[in-house]
Amino acid sequence: MINVIGLGYIGLPTALMLASHGVKVVGTDCNRALVDELNAGRLSFEEKGLNELFSAAVNAGIRFTHEYQKADMYIVAVPTPYDKRSKKLDACYIVSAVKEIMKVSSKGAIVVLESTVSPGTVDKYIRPVLKSGGMVIGEDINLAHAPERIIPGNMIHELKFNARTIGADNPDIAEKVKAVYSTFCEGEIVTTDICTAEMTKVVENTYRDINIAYANELAKICRSDNMDVYEIIRIANMHPRVNILSPGPGVGGHCISVDPWFLVGDYPGLANIILAARKINDSMPEFVLERIHDVMKERGLKDVTRVGLYGITYKEDVDDVRESPTLQMLECMEKHLAHGVKVYDPWVKRDIVENQYHDLDKFLDEVDMVVILVGHSELKDNMHKLRGKIILDTRNVCDLDGVYRL
Ligand code: SAJ
């Protein structure tokens, strides 16, 4: 039996996928309200294909509880925040999960960590906890790291088809873990040691952050001299070895905007490009505010309450608002006492900011200027409704005449 610990964006789809492929699974989360919701048949977030997977897993007998189970394998997918001051990983959730596992695990059980961690985390935090709990690693308990790689918006597909990395202390354990993931994963599964697996995952997300930072820096350079950054990137990308990503209002989400900090925190003085990239991406919400200001000035729009921000989530067609550029912009506006801007997002059903709308038409009725911060499919399907508005498009998704861009 496998006990999946943490039923969030990663743990839940993984548990469902395993269960729907014939593996006996129990999902555990310390959040009792979440467990109750799942047991009542309600999902905690939206994701393409998740409803169908949920039904299949429930039919296959998956259970959800707040209690840790006696099991042969634990898959741990709990949050790994970073300390904003030291920039280092905060391992508190992993450590407490491992402490709970120790109390109930079968002899020889394997603990597979899926959460993204900085290189050396297993050595630094998990091994000492197990040792001080009297566990002999390799006998009483075994360790592996199988970092998740799935992208929100296409998680279910990627869970099935992405290649995976499994780091373990010895090849036997790696093979056992590989056999479990092979029940549903059709991508190549590479086995290695734990530290290599830890570093590889952080390196992947950091690579993307740096590439986005390059695009964002180009956007700033091009704006300063009236060049069209999108056309320049489009043409440059025709080169067979160039693939620049897209500029945008900033890098949000709980992965790419967080993981590079682990390297900055652990390797100060060495992680220089990584730090510069983080700073550039973090500066984008303020850059967008400057653009809003410039466009308002050019068009003679003085009243900020006639400006509407389209999109609160960190990217298109997901409901996740963590580290969202829109929220960072709103925070910054508040500091400058620019209150009253209107906000709308079709994916955010609860009221989380002031002047938030839940109907696109009503939102558009109330504004003269629309700032596109997220390119949701809903907007692409309704772009004609923006005709006649002043439009600042930070995602390059609007092809109406007279649009302002980054
Ligand atoms: N963004 C841009 N320009 C781009 C691409 C993205 O501004 O060209 C922005 C997005 O709008 C968003 C942020 O970057 O705010 C991050 O979005 P994303 O789609 O690049 O990535 P995430 O955070 O949703 O998922 C990433 C993925 N990592 C890589 O692609 C290397 C995913 O595979 C990981 O599993 C996930 O992080 C994770 O959980 O670590």
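The structure presented is a predicted model; accordingly, all values stated were derived computationally and were not measured.

1. Regarding the overall build of the chain
Then comes step 1: Helices and strands together make up the secondary structure of the chain, namely 14 helices and 14 strands.
Then comes step 2: Based on the C-alpha atoms only, the size of the chain along its principal axes is roughly 70 × 50 × 40 Å.
Then comes step 3: A buried classification covers 52% of the 406 residues belonging to the chain.
Then comes step 4: Intrachain contacts of the chain at a sequence separation of at least 6 include 69% that bridge at least 24 residues.
Then comes step 5: Total accessible area on the chain stands at roughly 18800 Å², and carbon and sulfur atoms take up 51% of it.
Then comes step 6: Between the mean site of the 47 positive side-chain charges and the mean site of the 58 negative ones, the chain shows a separation of 1 Å.

2. Details of a nonpolar patch on the surface
Then comes step 1: A cluster of nonpolar residues, Ile221, Met227 and Ile232, forms a patch on the protein surface that exposes about 240 Å² of accessible area.
Then comes step 2: Of note, Met227 is situated in the loop between helix H8 (194-224) and helix H9 (229-236).

3. What to know about the sheet that holds strand E10 (residues 342-344)
Then comes step 1: The sheet built from six strands is open, its strands ordered E11-E10-E9-E12-E13-E14 with parallel pairing. Of all the strands in the sheet, just strand E11 (356-357) and strand E14 (404-405) have a single pairing partner and so form its edges.
Then comes step 2: Here E10 runs beside E11; their pairing, made up of two bridges, is parallel. From the neighbouring strand, Tyr344 faces E11, where its bridge partner is Tyr357.

What counts and how
Residues numbered from 1 in each chain as written. Predicted model: local features only at pLDDT ≥ 70, side-chain atom pairs only at ≥ 80, totals over all residues. Heavy atoms only, no water. Helix = DSSP H or I, 4+ residues; strand = E, 2+ residues; numbered from the N terminus. Buried < 20%, exposed > 50% of the residue type's maximum accessible area, 1.4 Å probe, protein only. Contact = heavy atoms within 4.5 Å. Areas by Shrake-Rupley, 256 points an atom, 1.4 Å probe, with all protein chains shown as cover. Lys, Arg positive; Asp, Glu negative; His and termini not counted. Charge placed at Lys NZ, Arg CZ, Asp CG, Glu CD. Patch = residues over 30% accessible without salt bridge, like charges linked within 9 Å, V, L, I, M, F, W, Y side chains within 5 Å. Salt bridge = Lys/Arg side-chain N within 4 Å of Asp/Glu carboxyl O. Pairing = 2+ DSSP bridges.

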